[in-house]
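Topology and contacts: notes
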Amino acid sequence: MKLRLLLFGLSTAALLTNCARRPTKLKIYDVVINHVTVVDVESGQLRPNQVVTVSRGKIVEIEPADQDSYAAKQYVNGNGRYLIPGLWDMHVHFRGGDSLIAANKKSLTLFLAHGITTVRDAGGDLTPSVFRWRQEMDAGLYAGPRIFTSGPKIDGPGAYWPGSLEVETPAQISKALDSLQRLRVDYVKIYDSRISGAAYLETIRQAQRRGLKTTGHMPYSVTLGEAVKRGLDATEHLYYVFKACSGKEDSLTALVRNSLGTSKPLGLFAVLPAVYDTYSPAAAARIFKLMAKHHTAAVPTLYIQKTLAELPENDHAQDTLRAYIDPKIQATYARRLASARQLSPAASAFGQKLNTKFMSLVPQMQAAGVMLLAGSDSGPFNSFIYPGASLQEELIMLVQAGLTPLQALQAATISGAKFMGVASRTGTIAPGKYADLVLLTGNPLEDIANIKKIDAVISRGKAYPAASLANLMRAVRNR
Ligand SMILES: [Zn+2]
């Protein structure tokens, strides 16, 4: 009993307690979280008063806490607290050119401090840095989330984002995929600023043949159904799902396709009002069913949608998190701010209407069995979408849209792991899985906003109590 009291006293300190209670060998764990309520994100069950032991980066045991004592290098008091798997942000960006490498790197700290222990990088121009950070964090040089990355995006000739691989012919697509495989990327991200419909579908086909996952935006000259049938693994944002919910999808797609050779090519935003006006519940049900059947996931990114739509009336001057966003990254916000200012009141109002509609798709997709993935789209150029905090806001919005808190949590834990094909290793709290965990002072199943009440983050088997997280944050604060 004495030992337990001693260990309690050390609950927030990373001290080595080499006390042996028994004469026989006593296991010394790296981390022990005692008397905690474990949240099972698969079943939604709460398991109160558990002890979770961690060694060598993995969860060792989860047992009912008894009077037994546990020796640990780091002891975490879980009394009155809730343990969830570390969160996944399934859509982030590291980008902006070499002068922004150090600024981007700071976001790793912000993710971790907000309970995000894994991110999926959805393409950028800092691929060598992303791989280096990943290696250095894996080696324990510094703290931060695990990273899955697409490397550079695939797009058409004259692509919008620097660093994209520009493809048009099947041979160019093959070469681009060769280069991505040489980089050993985790999946392929396709962007649609310039890619042709034919090259888009061919990229999915070739990637599929190589066993590479594909996700992306989509040219409005093809239908989502075509992409889903080719094997697209996830559709990013809801613009493309939404187009497929139009009762006139085929004729609108043909309209876009026929305009491409003319002096007035139509893009996504030109036809969105028509898509909106022709929304059909039957078409929506059809595409959701098809997505579920082909296991095509959706990444709704509701929070960025809302934040950008509200840019004209919200200047974010008082955001406390701005102090942690490098001035060089804040400078990249200017581009979206300028385009927001150019919006007519009518366009602005349409943006708001569209968001409401997008939100209504979320529970429908969930009910149809479409896998939903929580992603923030945080990164340079995406104004005021702060790394870490924006994923928390995304979860809150998924619940506002109609998901249960459990379903929202799944979209940011087990579903991310399943999507990346690593669910046997991570994504839930179970023996043998990565010790990537978040300790909360409130029950997230009662109120999803409780994911903001972080008492500790356990990442790669190391515990970071709130005070340590605050210290890490201080290190990236702007001077
Ligand atoms: Zn993005």
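Residues numbered from 1 in each chain as written. Predicted model: local features only at pLDDT ≥ 70, side-chain atom pairs only at ≥ 80, totals over all residues.

The next thing to look at is the sheet that holds strand S7 (residues 116–121). Spatial ordering of the open sheet is given by S6-S7-S8, a layout of three strands whose pairing is parallel. Unpaired on one side and paired on the other, strand S6 (87–92) and strand S8 (146–149) mark the two borders of the sheet. Between one strand axis and the next, the sheet turns by 20° as a mean value, whatever way the strands run. As paired strands, S6 and S7 are joined by four bridges and run parallel to one another. Residue pairing for S7: tryptophan 88 is matched across the bridge by threonine 118. (Pairing = 2+ DSSP bridges. Helix = DSSP H or I, 4+ residues; strand = E, 2+ residues; numbered from the N terminus. Axes fitted to C-alpha atoms, helices over the stretch in contact; angles between N-to-C directions.)

For the rest of this paragraph, the subject is the domain arrangement of the protein chain. Once the domains are mapped, the protein chain shows domain 1 (2–85 + 429–476) and domain 2 (87–419). A straight line from the C-alpha centre of domain 1 to that of domain 2 covers 34 Å. Contact with domain 1, which involves 22 residues of that partner, is made by 22 residues of domain 2. For the side of domain 1 that touches domain 2, the secondary-structure elements that each account for two or more residues are strand S5 (82–85), strand S16 (454–459) and helix H19 (466–476). At five residues, the largest contribution of residues to the side of domain 1 that touches domain 2 is made by H19. The residue inventory of the side of domain 1 that touches domain 2, partitioned by class, reads 17 nonpolar, two polar and three charged. (Domains from an automatic or database assignment. Contact = placed C-beta atoms within 7 Å. Nonpolar A, V, L, I, M, F, W, Y, C, P; charged D, E, K, R; others polar.)

Time to look at the packing of helix H9 (residues 249–259) against helix H10 (residues 268–277). Between H9 and H10, the least distance of the axes is 11 Å, while the angle of their chain directions is 165°. The pairing of H9 with H10 is recorded here as roughly antiparallel in orientation. For the pair H9 and H10, the crossing hand works out as right-handed. Each of Leu252, Leu255 and Val256 in H9 lies in contact with H10, whose residues at this interface are Val271, Ala274 and Val275. (Parallel < 35°, antiparallel > 145°, perpendicular 65-115°, else oblique. Left-handed = near helix turned anticlockwise from the far one by under 90°.)

The next subject is the environment of threonine 169. Examined against the element boundaries, threonine 169 turns out to sit in the loop between strand S10 (165–166) and helix H5 (170–183). Since 11 C-beta atoms lie within 10 Å of it, threonine 169 is described here as exposed. For the pair formed by threonine 169 and alanine 199, sequence separation is 30 residues and the distance between their alpha carbons is 6.6 Å. (Buried ≥ 20, exposed ≤ 12 C-beta atoms within 10 Å, placed from the backbone.)

This next bit is on helix H11 (residues 281–293). For H11, spanning 13 residues, the distance from its first C-alpha to its last is 18 Å, which sits close to the expected 18 Å at 1.5 Å a residue. When we look at burial in H11, the residues that qualify are Ala284, Ile287, Phe288 and Met291. The buried residues of H11 occupy an angular sector of 100° when projected down its axis, which confines them to one face. Looking at the packing, one finds that the buried side of H11 touches helix H7 (224–230), helix H8 (239–244), strand S14 (297–299) and helix H15 (345–368). (Expected span 1.5 Å × (residues − 1). Arc of directions from axis to C-beta.)

With that settled, the discussion passes to the nonpolar core. In terms of nonpolar packing, the biggest core is built from 137 residues, with Val31, Leu83, Val241, Leu373 and Leu398 touching the most fellow members. By residue number, the principal contributor to this core is strand S1 (residues 28–39), which donates seven residues. Viewed by domain, this core spans two of them, domain 1 (2–85 + 429–476) and domain 2 (87–419), each represented by three or more residues. Setting aside anything within four residues of it in sequence, one finds valine 31 in contact with Val54, Ala72, Gln74, Val76, Ala435, Ile458, Gly461 and Ala463. (Core = buried A, V, L, I, M, F, W, Y, C linked by C-beta atoms within 7 Å.)

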